[in-house]
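# Geometric and topological summary
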Amino acid sequence: MPLHVILANPRGFCAGVTRAIDIVERAIDRFGAPVYVRHEIVHNRFVVDQLRDKGAVFVDELSDVPAGATTILSAHGVAKAVQKEAKERNLPVIDATCPLVTKVHIQGRRYAKAGRQIVLIGHAGHAEVIGTIGQIDAPVVLVSSADEVAALPFEPDTPIAYVTQTTLSVDDTRGIIAALHERFSDVAGPDVDDICYATQNRQTAVRKLAEVSDVLIVVGSRNSSNSNRLREIGAEMGIRSYLVDGGDDVDPAWVDGVDTVGITAGASAPDALVESVIAKLGRLRDLTVSQLEGVSENVEFSLPPILRRHDTAVRAAAE
Ligand code: SF4
């Protein structure tokens with residue numbers, strides 16, 4: 001009996017991750033190795049190792065960056081204090097913050113300026129959450145569940161505005177937003193169109209995939225919030241669901257007696273790792289591989305001007 005492998009669509013890299021990786025590679029090309037990257041550029045071990053091999057040095061804090069070294073800020077965004085520190089040290093900085101994360105920062109600041117109490121819906125300790133809180137010059141309270149809304153220490157008529165971590169979808173935040181509206185009389189928040197298209201599309205696709213699969217394999221690193229969420233959705237839908245870094249992590253017992261395996265990948269996981277999972281399954285069983293229909297994505301974000309200028313110069317020199 002062959003094992004049927006079905007791939008979710010869309011899956012894997014989003015526009016923000018593609019841009020961030022592109023920024024590191026072009027910066028190495030433009031300024032020479034090493035370039036210093038504060039925090040993992042995206043939450044994927046394979047991507048980070050590949051960039052390290054090319055000449056990126058990953059550091060936890062700017063204090064680990066030598067004077068004058070080219071410094072890249074990760075896709076998750078950083079607090080204003082980090083930008084200030086870079087400026088004080090005169091570090092040449094290239095910001096790889098995803099434009100959709102920057103949009104959340106701008107929304108948060110706008111709501112705070114309008115005098116609203118900001119509620120950030122997200123997970124404590126996530127790099128993006130730390131960055132967003134540090135970008136808003138006003139108190140921000142973090143909530144990660146509807147129950148936490150009940151414990152907020154504000155009067156019911158307090159003007160509230162919420163913003164959300166980008167790796168949460170409309171489905172993830174719906175209950176929390178409903179709880180805010182129930183508890184407070186004046187609640188503002190971004191339009192549904194403002195949420196991250198990639199997070200929503202990958203979650204919609206994995207739900208569809210879980211309906212036709214016996215087992216779900218999600219390719220992504222353990223510290224990737226959106227990859228973990230994809231695995232959780234599979235589990236919530238009642239199928240065995242596993243998160244793997246690549247083919248080596250696949251346990252043959254997972255597909256014993258199984259007819260159909262669904263595979264998807266988090267927004268920071270490259271397709272090469274999906275291929276490695278398929279290759280591993282192919283060593284265990286005969287396979288058929290097909291793809292589910294899904295939304296086609298054509299989002300692209302432009303590069304920071306300093307790297308665009310280099311492109312233009314290189315092209316001009318070649319002509
Ligand atoms: Fe940007 Fe969305 Fe990708 Fe995060 S998941 S990097 S917000 S496009």
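Note: the structure precedes this text.
Residues numbered from 1 in each chain as written. Predicted model: local features only at pLDDT ≥ 70, side-chain atom pairs only at ≥ 80, totals over all residues. Heavy atoms only, no water.

For Q107, the position within the fold is in helix 4 (residues 99–113). Not counting residues up to four positions away in its chain, the partners in contact with Q107 are V163, P190 and D194. (Helix = DSSP H or I, 4+ residues; strand = E, 2+ residues; numbered from the N terminus. Contact = heavy atoms within 4.5 Å.)

Moving on, we come to the sheet that holds strand 9 (residues 187–188). The strand order 7-6-8-9 describes an open sheet built from four strands, whose pairing is parallel. Two strands lie at the open edges of the sheet, namely strand 7 (140–143) and strand 9, each paired on one side alone. Two elements, strand 6 (residues 117–121) and strand 8 (residues 160–164), share five bridges in a ladder whose sense is parallel. Bridging across to strand 8, I118 finds its partner in A161. Packed on one face of the sheet, helix 4 meets strand 6, strand 8 and strand 9 and runs near 170 degrees to strand 8. (Pairing = 2+ DSSP bridges. Axes fitted to C-alpha atoms, helices over the stretch in contact; angles between N-to-C directions.)

A sheet is described by the order of its strands in space; here five strands give the open sequence 11-10-12-1-13, paired in parallel fashion. Looking at strand neighbours, the two that pair on one side only are strand 11 (240–244) and strand 13 (287–291), the edges of this open sheet. When strand polarity is set aside, the average angle formed by the axes of neighbouring strands in this sheet is 20 degrees. Sheet topology note: the strand 1 (residues 3–7)/strand 13 ladder contains five bridges and is parallel. Bridging from a neighbouring strand, L7 pairs with Q291 of strand 13. Helix 10 (residues 271–284) rests against strand 1, strand 10 (215–219), strand 11, strand 12 (260–265) and strand 13 of the sheet, and its axis sits at about 160 degrees to strand 12.

Further remarks concern the site of the ligand. C14, G16, C98, L100, T166 and C196 make up every residue found near the ligand. Split into classes, the residues belonging to the shell around the ligand amount to four nonpolar, two polar and no charged. (Near = heavy atom within 4 Å. Nonpolar A, V, L, I, M, F, W, Y, C, P; charged D, E, K, R; others polar.)

Contact geometry of helix 8 (residues 197–211) with helix 9 (residues 225–236) gives a least axis separation of 9 Å together with a crossing angle of 30 degrees. As summarised for this structure, helix 8 and helix 9 are arranged roughly parallel, according to the angle between their axes. Of the two elements, helix 8 crosses helix 9, and the hand of that crossing is right-handed. Along its contact with helix 8, which presents R202, Q203, V206 and R207, the element helix 9 presents R229, L230 and I233. (Parallel < 35°, antiparallel > 145°, perpendicular 65-115°, else oblique. Left-handed = near helix turned anticlockwise from the far one by under 90°.)

Attention shifts here to unusual backbone geometry. Backbone torsion omega between N9 and P10 reads -5 degrees, so that peptide bond is classified as cis. Its location among the elements puts P10 in the loop between strand 1 and helix 1 (15–31). The linkage connecting A33 with the following residue, P34, adopts the cis geometry, with an omega of -5 degrees. Examined against the element boundaries, P34 turns out to sit in the loop between helix 1 and strand 2 (35–38). Non-glycine residue H39 carries a positive phi angle of around 75 degrees. Positive phi values are uncommon outside glycine, yet N90 reaches one of about 60 degrees. Tracing the sequence through the fold places N90 in the loop between helix 3 (80–88) and strand 5 (93–95).

The analysis is restricted to geometry; functional conclusions fall outside its scope.
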